[in-house]
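Tertiary structure, described
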Amino acid sequence: MPPVFAHGRLRLYLLKLLDEAPRHGYEVIRLLEERFQGLYAPSAGTVYPRLAKLEAEGLVTYATEGGRKVYSITEAGRAELADRGGELADLELEIRDSVSELAAEIRDDVRGAAGDLRREMRAAASATATQVEDESWKAAKEELRKAKQEWKEQARRAKDESRRAREEAQQARRQAKEAQERAREEVQRIAAQLQEQFSKSGGVLGSLAGAWLGGGSAANGTAAPSASAPGPSGAGWAEDLTPTADPSRDLDRLLDRFRDDVRDAARDHGVTPAQLAETRAHLAAAAARIEAGLRPGA
């Protein structure tokens, strides 16, 4: 039988379960068995050492309740879970495939057992044709009926789990894409606000804002933006940065672009101490807005 979890994937899935709620080790084992509809249950020797390793790495912590350790995910654990969001979606698909493979193996085992039982029944019928309706024959028929019923039930459960896993993976991808779009929109919104504030201040601050969003600075003698340049809304800024499946990485790329654009403007036009102080105040306000926008539930 192929492994249910590829290397390192059980560790990731334990973080997902602890992110849902604090749990003790036995509850984690039971939840894994439920996710696989009873087709697979990891042993305590598989789960507890991995929980201890996650605790040693600072990704989970525990508290003792009723003589048992109740594990909770830490902020570091949530950060790793967020960084591996795409991998977690793939893991949900792998779990679906594992359930399907386990169900297929069970189906083959049931079919093989049913085939052996039928052959035994035919042999018994041939040897005892005059006793077809005796108790042993009835018991054999009942066993065959139960075997068929059990196979149908396991196949149905495997199919339901496969469907749920596919829907959860699709939802995870949609959420990742929505988070990426929200981060991009928030950066563009803050960019527009910065340009508006910088433009009011004039001087080099206006030049920095114009250079970042495609404008010019009349105070330093540079040409005004052309009709084709992006307007105050910042529309079109950083559109050449193709989005990936990782919103955190996309946000880092947007911030790198912003930093490079502002540095270029400062190098071209120069910055006085007074202008630097004013710029620092504007950037502090922008940082506070971005941080507030990226908080959960914002």
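Parameters and conventions
- Residues numbered from 1 in each chain as written.
- Predicted model: local features only at pLDDT ≥ 70, side-chain atom pairs only at ≥ 80, totals over all residues.
- Heavy atoms only, no water.
- Axes fitted to C-alpha atoms, helices over the stretch in contact; angles between N-to-C directions.
- Helix = DSSP H or I, 4+ residues; strand = E, 2+ residues; numbered from the N terminus.
- Parallel < 35°, antiparallel > 145°, perpendicular 65-115°, else oblique.
- Left-handed = near helix turned anticlockwise from the far one by under 90°.
- Contact = heavy atoms within 4.5 Å.
- Pairing = 2+ DSSP bridges.
- Phe/Tyr/Trp six-rings, centres within 6.5 Å; stacked < 30°, edge-to-face > 60°.
- Lys NZ or Arg CZ within 6 Å of the ring centre and 35° of its normal.

This brings us to the packing of helix H1 (residues 9–20) against helix H4 (residues 75–83). The contact between H1 and H4 brings their axes to 10 Å, and the two run at 120°. By the angle class used here, H1 and H4 are oblique. Handedness of the H1/H4 crossing: left-handed. Mapping the contact onto sequence places Arg 11, Leu 12, Leu 15, Lys 16 and Asp 19 in H1 and Gly 77, Arg 78, Glu 80 and Leu 81 in H4.

Attention shifts here to the pairing of strand S3 (residues 68–73). In summary, the side chains of a regular strand alternate between the two faces of the sheet. Taken together, the two bridges between strand S1 (residues 23–24) and S3 define a ladder with antiparallel strand orientation. Bridge pairing links Arg 23 to Tyr 71 in S3. Inspection of the sheet shows strand S2 (residues 60–65) paired to S3 by six bridges, in the antiparallel sense. Paired with Thr 64 across the bridge in S3 is Lys 69. If you look at the hairpin formed by S2 and S3, you'll find two residues sitting between the two strands, and Gly 66 has a positive phi there, around 60°.

Strands sit in the order S1-S3-S2 across an open sheet of three strands; the sheet is antiparallel. Among the strands making up the open sheet, the edge pair consists of S1 and S2.

Next up on the list: the packing of aromatic side chains. Going through the model one piece at a time under the given rule, you end up with one aromatic pair. Seen from the ring of Tyr 62, Lys 69 lies directly overhead, with NZ or CZ sitting 4.5 Å from the centre.

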